[in-house]
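Given next are the chains, with one letter for each unit.
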Amino acid sequence: MAVTINYEQIRITELDSYLFGQGTHYEIYNKMGAHIAKKDGKPGVYFAVWAPHAVNVSVIGEFNDWDETKDKMKRGEPLGIYTCFVPEAKKGDLYKFCIETQAGEKIYKADPFANYAELRPGTASRITDISNLNWSDSKWMTAREKWDNKEEPVSIYEVHMGSWMRHPGREDEGFYTYREFAEAITKYVKEMGYTHVELMGIAEHPFDGSWGYQVTGYYAPTARYGTPEDFAYMVNYLHKNNIGVILDWVPAHFPKDAHGLADFDGTPTFEYPDPRKGEHPDWGTKVFNYEKPEVSNFLLANALFWVEHYHVDGLRVDAVASMLYLDYGREDGQWIPNKFGGNENLEAIAFFKHLNSVVCGRNKGVMMIAEESTAWPKVTGSPEDDGLGFTLKWNMGWMHDFTEYMKLDPYFRKNAHHMMTFSMEYAYSENYILVLSHDEVVHLKCSMLGKMPGDRESKFANLKLAYAYMCGHPGKKLLFMGQDFGQFIEWDEKKQLDWMLLSYDKHRELQGYVKDLNHFYRDTPALWQVDYSWEGFQWIVPDDSKQSVVAFLRKDANGKQILVVCNFNPVLREGYALGAPVAGTYKEVLNSDDEAFGGSGAVHNKSVRTHKKPMHGFEQSITITLPPMSTLYFEVPTKRTRKAADPAKTVKKTAAKKTAAKTTKTAKAEPAVKEEKPKKTSTRKVKAEAEPAPEKAPAKRGRKPKAEAAAAPEAAPAKRGRKPKAEPAEAAPAAAEKPARKPRAKKAAKTEE
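Scoring rules and cut-offs
- Residues numbered from 1 in each chain as written.
- Predicted model: local features only at pLDDT ≥ 70, side-chain atom pairs only at ≥ 80, totals over all residues.
- Heavy atoms only, no water.
- Helix = DSSP H or I, 4+ residues; strand = E, 2+ residues; numbered from the N terminus.
- Buried < 20%, exposed > 50% of the residue type's maximum accessible area, 1.4 Å probe, protein only.
- Contact = heavy atoms within 4.5 Å.
- Areas by Shrake-Rupley, 256 points an atom, 1.4 Å probe, with all protein chains shown as cover.
- Pairing = 2+ DSSP bridges.
- Axes fitted to C-alpha atoms, helices over the stretch in contact; angles between N-to-C directions.
- Salt bridge = Lys/Arg side-chain N within 4 Å of Asp/Glu carboxyl O.
- Parallel < 35°, antiparallel > 145°, perpendicular 65-115°, else oblique.
- Left-handed = near helix turned anticlockwise from the far one by under 90°.
- Expected span 1.5 Å × (residues − 1).
- Phe/Tyr/Trp six-rings, centres within 6.5 Å; stacked < 30°, edge-to-face > 60°.
- Lys NZ or Arg CZ within 6 Å of the ring centre and 35° of its normal.
- Polar contact = N/O pair within 3.5 Å; in protein donor to acceptor, adjacent residues only side chain to side chain.
- Core = buried A, V, L, I, M, F, W, Y, C linked by side-chain atoms within 4.5 Å.

The next thing to look at is the overall build of the chain. For the chain, the helix and strand inventory stands at 21 helices and 29 strands. For the chain, the proportion of its 753 residues judged to be buried stands at 57%. Taking as baseline every contact in the chain between residues at least 6 positions apart, the subset at least 24 positions apart corresponds to 73%. For the chain, the computed accessible surface area is about 33400 Å², with 52% contributed by carbon and sulfur atoms.

Put into structure tokens, the structure is as follows:
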């Protein structure tokens, strides 16, 4: 391949050093590392590495037989950036930096800015050229600039590439390459209806068991699955099929591996020097020193590298809480307070504000997602308003309450009803994603299906009910691989998912259910268009704890609504009455107990007409049947609006009124009174409120709740038992008017801690 880049284009200049020293060289990756170029007409490779406390540095590799004396690097001041040009070096060669420390030792380090690495267990970097990647996703990239994630459907499929699917019968691990994975995952995701793929463990890492969260090569897609060109092909392929790509990104910490960033030049270069601030006791890793401009620049440029150079659509920032709190995972005496005596890491806060402002400012439509597990305020708030500037935040509090509730035997759920409603107390304090991630299906937590109580049938019914509740709840969505077809065992990164389960009806039916649920979600703006405002949600029944039933509305920007009703008990609820926002016919559009999804299929509410009995703050109500352990979605009829008056007709009516007025002047008083009486007696409101026919009133009252007026005597006891349960739900209007209490961030702290 012809070399087109000139040495003068990539060499470190005085301006480069200045910007890097200020922490604002957003494309420093184009200068640091190893870059193929021409110098004086000869091809070769330009090397640059930051080692401020090194005595000497040389580059060693296959091109010089790993001889430390051949290619000495020149130190550049004032930052201590070492550079050299090696004509013998070429694409594909392995290399490292030999660093002589102030203690007189020689250490051998991989390139922090390397774009490719040796396959583990090897630890060297590999020369490559990513300056001319082939892209054909311009349509996607142009559309992304106008994309507003808050008002679009986001349904993320979280995937670990190495254990999603493997080639059987091979001597090696049988990993899919980036190219093979691109085609397989695209087919699956499109069929299942997800909008994005979130990839775990893409940046180079030495230990498979870390799942990619202990990184040594921040600028290199892992060699486990192929080359950088292969990785770019995968992103491009997904984009051409209208699938977004999100990467897990780890700016919180890094491992102590000898070839990595730890004590890079013999001193704490990338990490804080004091172990009380520079190490995580629980994880055995080093913490980045965000106070150093060069370190924050290394990370900030890395985020931009993935987004701008590899066209990635979002970064899920791992372990944000560990960065924000100086005492995270530490006992008293193991941490250092900030200059104000607090436990907040002031440099990390400044880093996040800078990071999100630059990444989102330069790349409209890109998502910066925080995995933040506490009630830190304004994580998704604007930096100008003292927020951290993230686009979205994982809702860890909802995830905890939701999974703990669903694990309960249904008999005990009445005592934990608040766990399914409390999330709405703080739902709009941040821009949340509802997540059922890999963290929830490992370390003896069980798979999602395994968490569910009861026998096999009950487990599937519970899970379908839960997924539909999650789909209806405000917030974007994320589901970890395998949980959409009912993986029984916990996730194990050492082997592929149990795809053979799809040969069993129940698992295949669950997969079909999640597929239909995803497509319904994408096709229904009421479920995603107004995710972050009370205008998109309204409680109807938040407090029916005795029967473990909740009901609420989701609304789109045009006023179209979906009614969601969940029955968290294995009890058939016949004649369940609840308020209805609009008069008319309600159509059942999804039933988690449908026979097609492996349910009983015994109950389907056909067209449900409203009654004129007020309930739950509405002027009318509906009576439905709830299958055991189920979620139902109803399409709410469109509210009728009066047509605009025709000006011509208005003129005619006005003229007619004037004529009538003249006539009444000459008429007698008694006929005028007779004309007014019918108007008073025909007023519909009065009839609805005054119940004019006493003998009919009991029939009307008895029909609505279907509790005391049942036609069949044997059904009456069940209905009487439900009547007092339905009536307390009339307290719901107070809950429905909670916009004044929106944030309630302090209460959220209790949930998320």
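Looking at the element boundaries, Gly104 is found in the loop between strand E6 (94–100) and strand E7 (106–109). On the accessibility criterion, Gly104 (53% relative accessible area) is exposed. With 48 residues separating them along the chain, Gly104 and Asn56 place their C-alpha atoms 9.9 Å apart.

Let us look at the sheet that holds strand E18 (residues 367–370). By way of backbone hydrogen bonds, the strands of a sheet pair with one another, either parallel or antiparallel. Ordered in space as E9-E10-E13-E17-E18-E19-E20-E21, the eight strands form a closed barrel in which the pairing is parallel. On average, each strand axis in the sheet is inclined to that of its neighbour by 25°, with strand direction left out of account. The pairing of strand E13 (residues 244–249) with strand E17 (residues 314–317) spans four bridges and is classified as parallel. The partner of Ile246 across the bridge, within E17, is Gly314. Lying on the sheet, helix H5 (residues 178–192) is in contact with strand E9 (155–160) and strand E10 (196–200); it crosses E9 at an angle near 145°.

Using the criterion set out here, one finds 36 salt bridges in the structure. Of the charged contacts in the structure, one is a salt bridge between Asp230 and Arg179, with a shortest N-O distance of 2.5 Å. Highlighted residues: Asp230 in helix H6 (residues 228–240) and Arg179 in helix H5, separated in sequence by 51 residues. Judged by relative accessible area, Arg179 falls into the partly exposed class, the value being 35%. A salt bridge links Arg224 to Glu204; its shortest N-O distance comes to 3.1 Å. With Arg224 in the loop between strand E12 (217–221) and H6 and Glu204 in strand E11 (residues 203–204), this pair connects stretches of sequence that are 20 residues apart. Owing to a relative accessible area of 9%, Arg224 belongs among the buried residues under this scheme. It is possible to trace a salt-bridge network through shared partners that takes in Arg120, Glu173, Glu204, Asp208 and Arg224.

This part is about the pairing of strand E23 (residues 549–555). The buried fraction of E23 amounts to seven of the seven residues, a majority that puts the element mostly inside the structure. Strand direction decides the pairing type here: strand E22 (residues 537–544) and E23, joined by five bridges, are antiparallel. For Val541, the partnering residue across the bridge sits in E23 and is Ala551. What sits between E22 and E23 in their antiparallel hairpin is a turn of four residues, with Ser548 showing a positive phi close to 55°. In this antiparallel pair of consecutive strands, E23 and strand E24 (residues 561–567), the connection spans five residues, and Gly559 shows a positive phi of 90°.

Turning to unusual backbone geometry, a few remarks are in order. A cis amide bond, omega 10°, links Glu77 with the succeeding residue Pro78. Turning to its location among the elements, Pro78 is positioned in the loop between strand E4 (74–76) and strand E5 (81–86). Cis rather than trans, the peptide bond between Arg120 and Pro121 has omega equal to 15°. Mapping Pro121 onto the fold places it in the loop between E7 and strand E8 (125–126). Despite not being glycine, His443 has its phi angle at roughly 55°, a positive value. Mapping His443 onto the fold places it in the loop between strand E20 (432–436) and helix H12 (448–451).

With that settled, the discussion passes to the packing of H5 against H6. Where H5 meets H6, the axes come as close as 8 Å, and the angle between the chain directions of the two elements is 15°. In terms of axis orientation, H5 runs roughly parallel to H6. Taken as a pair, H5 and H6 cross one another with a handedness that is right-handed. Between H5 and H6, the residues in contact are Tyr178, Arg179, Phe181, Ala182, Glu183, Ile185 and Thr186 and Glu229, Asp230, Phe231, Tyr233, Met234, Tyr237 and Leu238, respectively.

Turning our attention to the sheet that holds strand E29 (residues 630–635). With antiparallel pairing, the six strands of this open sheet are ordered in space as E22-E23-E24-E29-E26-E27. The outermost strands of the open sheet, each flanked by one partner alone, are E22 and strand E27 (608–609). Together, E23, E24 and E29 form the strand contacts of helix H13 (residues 456–472), whose direction differs from that of E29 by roughly 40°. Of the strands in this sheet, E24, strand E26 (585–591) and E29 are in contact with helix H14 (residues 505–523), which crosses E26 at around 135°.

Moving on: H14. Note: α-helices contain 3.6 residues per turn, so residues at a spacing of three or four share the same orientation. Taking 1.5 Å per residue, 19 residues should reach 27 Å; H14 reaches 27 Å between its end C-alpha atoms and fits that length. When H14 is considered as a whole, its buried residues turn out to be Lys506, His507, Leu510, Gln511, Tyr513, Val514, Leu517, Asn518, Phe520 and Tyr521.

How two aromatic rings sit relative to each other is given by the distance of their centres and the angle of their planes. What the rule picks out here adds up to 58 aromatic pairs. For the pair Phe231 and Trp306, a centre-to-centre distance of 5.7 Å together with 80° between the ring planes defines the contact as edge-to-face. One end of the pair, Phe231, is in helix H6; the other, Trp306, is in helix H8 (residues 293–309), and 75 residues separate them in sequence. Neither Phe231 nor Trp306 differs from the other in exposure class; each is buried. Geometry around Tyr7 places Lys39 over its ring, the cationic atom sitting 4.5 Å from the centre. Between Lys414 and the ring centre of Tyr411, over which it is positioned, the NZ or CZ distance is 4.6 Å.

Let us now look at the side chain of His160. Along the chain, the position of His160 falls in strand E9. Side-chain polar atoms of His160 contact the side chain of Ser163, separated by 2.8 Å. Residues in contact with His160, not counting those within four places in the same chain, are Met200, Trp211, Tyr225, Met481, Trp491 and Glu493.

Glancing now at H8. Taking 1.5 Å per residue as the helical rise, H8 with its 17 residues ought to reach 24 Å, and the 22 Å between its terminal C-alpha atoms agrees with that figure. Taking burial as the measure, the 17 residues of H8 include 14 buried ones, the bulk of the element. Of the residues trailing H8, His311 is marked for its positive phi of about 65°.

Turning to the environment of Val189, a few remarks are in order. Within the secondary structure, Val189 is located in helix H5. Ignoring any residue separated from it by four or fewer positions in sequence, one finds Val189 in contact with Tyr157, Tyr194, Val197 and Ile243.

Let us now look at the nonpolar core. In terms of nonpolar packing, the biggest core is built from 193 residues, with Phe47, Trp164 and Trp306 touching the most fellow members. In this structure, Leu578, Ala580, Val582 and Phe618 belong to the second largest nonpolar core, which totals 20 residues.

Across the six residues that make up E29, a large majority, five, are buried. Where E24 lies against E29, six bridges are found, and the strand directions are antiparallel. Across the sheet, the residue bridging to Leu563 is Phe634, located in E29. Pairing geometry for E26 and E29, over four bridges, is antiparallel.

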